[in-house]
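# Structure assessment
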Amino acid sequence: MTAPAAVPQVPDVFDPRGYADGLPHAAYRLLRDRHPVAWQEEHEVLGWPAGPGFWAVTRHEDVVRVLKDARTFSSGLGATQIRDPDPADLPFIRRMMLNQDPPDHGRLRRAVSRAFTRGRVERFAAVVRERARALLAAAVDTARAGDGVCDLVGAVTDDYALLNLVDLLGVPADERGLLLDWTRRVIGYQDPDEAAPAQAGPDGRPADPRSPAMLEDMFAFARELAAHKRRHPADDVMTTLATDGELAVPELEMFFFLLTVAGNDTVRSAAPGGLLALAGHPEAYRGLRTGALGMPAAVEELLRWHPPVLSFRRTAAYDTELAGRVVRAGDKVVVFHGAANFDERVFAAPHRLDLSRSPNPHVSFGDGPHVCLGAHLARLQLRVLYEETCRLVPAPAVAGPPRRLVSNFIHGLKSLPLRLVDVAPA
């Protein structure tokens, strides 16, 4: 008698340390094939307390369903991070449109959309190109003066994303360091290199970096900046928001939080990921550089390949069924963008970087009512950066292992050593 085949153990895709070497493709593949909606234990890790567990959703079809069905899978019930917020903080967290359900979030989404006028975006594009050109030229000069290698994160992409955001928001340039510090505090809190020194909460555990107490300095800055913009209006997003009579002060503070963190880190994470992919695929890069391959399609493929966001959480509002699993009201349901982007059911040869891939229905910017509000600005910045890289760097090559963010939320790079020029030996 033949013994029944063993059912593969459900892999852990919760532990932030599992992403330090890149997307866990073997685990994602096993989940998609055998456990497309899989229960994950939310164990204590890196000093953060254990949680009740959640359903991990990894197939593209199911990820899209969860993101589109806001009535069943709520952003507001428990917010959008895997880790449960303190119940006392939930009313505060729900002020951000990211953590609201339709139709409530529509009003706030329309308000911020009014800030991105066509003329402002066109002017932004011109500034972005000048900045990309200057940062890349300086990086090439640095590489040429040394051994031909430069860390593109430290020399280009961190400043590129941050300074673009500073211009768009209208934050004084000498305050840009604050924005980076806040981003690292909120996004990189799981990474020992990025996190600020841990502060204990009332229970002795690490304080949640997204709690009201931990964000008060950011909100005080937002209030001061808004008051300044009302006295001295300018052509920037904060002026538009500060003079919008429909926005209450707490909503303005949360917009500043959202734009500062998400607006910075989307490009900050995607840009080096795309450059790493190009450097690792020289034939594709040559095709892009010669014009044989089009840049718009290339940007989409690089976003599919390296999604800036790894996961987003929803909470089941009702008992439902997802991929044959019974999901109870109140259960956490977490979608994994990187797993969906490599689903063989949707993408032919998903592990082949195909810069002409079409169609390319990746979910790197989400889907449904909460699709990324700044996706068009992120695409613009990425396109310009890759165009200027093609112009200034003939053949980038990976010069050492990149250092990745320890996070189950953001797919970030802390360093990316690339060979930008060939230097003759002394």
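Keep in mind the model is a prediction, meaning the values are calculated, not measured.

## What about the packing of aromatic side chains?
Applying the stated criterion across every chain yields a total of 11 aromatic pairs. Where phenylalanine 54 meets phenylalanine 336, the ring centres are 6.5 Å apart and the plane angle is 25°; that geometry is what we call stacked. Of this pair, phenylalanine 54 sits in strand 2 (residues 54-57) while phenylalanine 336 sits in strand 8 (residues 332-336), and the two are 282 residues apart along the sequence. Relative accessible area serves as the criterion here: at 0%, phenylalanine 54 is assigned to the buried category. Among the aromatic side chains, those forming a connected cluster through ring pairs are Phe14, Tyr28, Phe54 and Phe336. Lying over the aromatic face of phenylalanine 342, arginine 304 brings its terminal NZ or CZ to 4.9 Å of the ring centre.

## Describing the confidence of the model for the protein
Close reading of the predicted structure is inappropriate where its pLDDT is low. When the pLDDT values of the protein are averaged, the result is 91; 94% of them are 70 or greater. When the criterion is pLDDT under 50, residues 1-6 qualifies, and its contacts beyond four places in sequence or with other chains add up to 1 contact.

## Comments concerning the sheet that holds strand 12 (residues 417-419)
Taken in spatial order, the 3 strands line up as 4-12-9 in an open sheet, and their pairing is antiparallel. The strands lining the two open edges of the sheet, one partner per strand, are strand 4 (149-151) and strand 9 (397-398). As paired strands, strand 9 and strand 12 are joined by 2 bridges and run antiparallel to one another. Residue pairing in the sheet places alanine 397 in a bridge with arginine 419 of strand 12.

## Thoughts on the packing of helix 8 (residues 212-231) against helix 10 (residues 249-279)
Helix packing for two helices is described by the angle between their axes and how far apart those axes are. Orientation of helix 8 relative to helix 10, taken along the N-to-C sense of each, is 105°, at an axis distance of 9 Å. Considering the angle they form, helix 8 stands roughly perpendicular to helix 10. Here helix 8 contributes Leu215, Met218, Phe219, Phe221, Ala222, Arg223, Leu225, Ala226 and Arg230 to the contact with helix 10, which in turn contributes Val249, Leu252, Glu253, Met254, Phe256, Phe257 and Val261. Of the residues assigned to the contact of helix 8 with helix 10, the class counts are 13 nonpolar, no polar and 3 charged.

## Regarding the environment of alanine 213
Relative to the helices and strands, alanine 213 resides in helix 8. Among the residues examined, alanine 213 registers a relative accessible area of 67% and is labelled exposed. Sequence spacing of alanine 213 and aspartate 89 is 124 residues, and the spatial spacing of their C-alpha atoms is 9.7 Å.

## Overview of the pattern of salt bridges
Applying the stated rule across the entire model yields 35 salt bridges. Here glutamate 301 and arginine 357 are joined by a salt bridge, their closest N and O atoms 3.0 Å apart. Taken together, the residues span a long stretch of sequence, with glutamate 301 in helix 12 (residues 295-305) and arginine 357 in the loop between helix 13 (337-341) and helix 14 (375-392) at a distance of 56 residues. Each member of the pair, glutamate 301 as well as arginine 357, carries the same accessibility label: buried. Salt bridges here are not isolated pairs; linked through shared partners, they connect Arg29, Arg32, Asp33, Asp343, Glu344 and Arg345.

## Brief notes about helix 7 (residues 176-187)
Between the first and last C-alpha of helix 7 there are 17 Å, a value that for 12 residues agrees with the 16 Å anticipated at 1.5 Å per step. Of the residues making up helix 7, those classed as buried are Leu179, Leu180, Trp182, Thr183, Arg185, Val186 and Ile187.

## Brief notes about the environment of alanine 339
Along the polypeptide, alanine 339 turns up in helix 13. Aside from chain neighbours lying at most four places away, what touches alanine 339 is Tyr28, Arg32 and Thr58.

## Details of the pairing of strand 5 (residues 311-316)
Within a regular strand, the side chains alternate between the two sheet faces. Among the 6 residues that make up strand 5, 6 are buried, leaving the element largely enclosed by the rest of the structure. Where burial is concerned, the two faces of strand 5 agree: the one with Ser311, Arg313 and Thr315 and the one with Phe312, Arg314 and Ala316 are both buried. By the bridge criterion, 2 bridges tie strand 3 (residues 73-74) to strand 5 in an arrangement that is antiparallel. Among the inter-strand pairings, phenylalanine 73 is bridged to a residue of strand 5, identified as alanine 316. By the bridge criterion, 5 bridges tie strand 5 to strand 8 in an arrangement that is antiparallel. Note that in strand 8 the partner of threonine 315 across the bridge is lysine 332.

## Things to note about the pairing of strand 2
Judged by which residues are buried, strand 2 turns out to be covered on both faces: Phe54 and Ala56 on one side and Trp55 and Val57 on the other are all buried. Relative to strand 2, strand 1 (residues 37-40) runs antiparallel, the two sharing 4 bridges. The residue bridging valine 37 from the neighbouring strand is valine 57, located in strand 2. In this structure, strand 2 lies alongside strand 8, joined through 3 bridges in parallel fashion. Across the sheet, the residue bridging to tryptophan 55 is valine 333, located in strand 8.

## Quick word on the packing of helix 7 against helix 8
Where helix 7 contacts helix 8, the axes come no closer than 11 Å and their chain directions differ by 150°. The orientation of helix 7 with respect to helix 8, classified from their angle, is roughly antiparallel. For the pair helix 7 and helix 8, the crossing hand works out as left-handed. Across from Leu178, Trp182, Arg185 and Val186 in helix 7, the residues of helix 8 making contact are Met214, Leu215, Asp217, Met218 and Phe221.

Thresholds applied
Residues numbered from 1 in each chain as written. Predicted model: local features only at pLDDT ≥ 70, side-chain atom pairs only at ≥ 80, totals over all residues. Heavy atoms only, no water. Phe/Tyr/Trp six-rings, centres within 6.5 Å; stacked < 30°, edge-to-face > 60°. Helix = DSSP H or I, 4+ residues; strand = E, 2+ residues; numbered from the N terminus. Buried < 20%, exposed > 50% of the residue type's maximum accessible area, 1.4 Å probe, protein only. Lys NZ or Arg CZ within 6 Å of the ring centre and 35° of its normal. pLDDT = per-residue confidence, 0-100. Contact = heavy atoms within 4.5 Å. Pairing = 2+ DSSP bridges. Axes fitted to C-alpha atoms, helices over the stretch in contact; angles between N-to-C directions. Parallel < 35°, antiparallel > 145°, perpendicular 65-115°, else oblique. Nonpolar A, V, L, I, M, F, W, Y, C, P; charged D, E, K, R; others polar. Salt bridge = Lys/Arg side-chain N within 4 Å of Asp/Glu carboxyl O. Expected span 1.5 Å × (residues − 1). Left-handed = near helix turned anticlockwise from the far one by under 90°.

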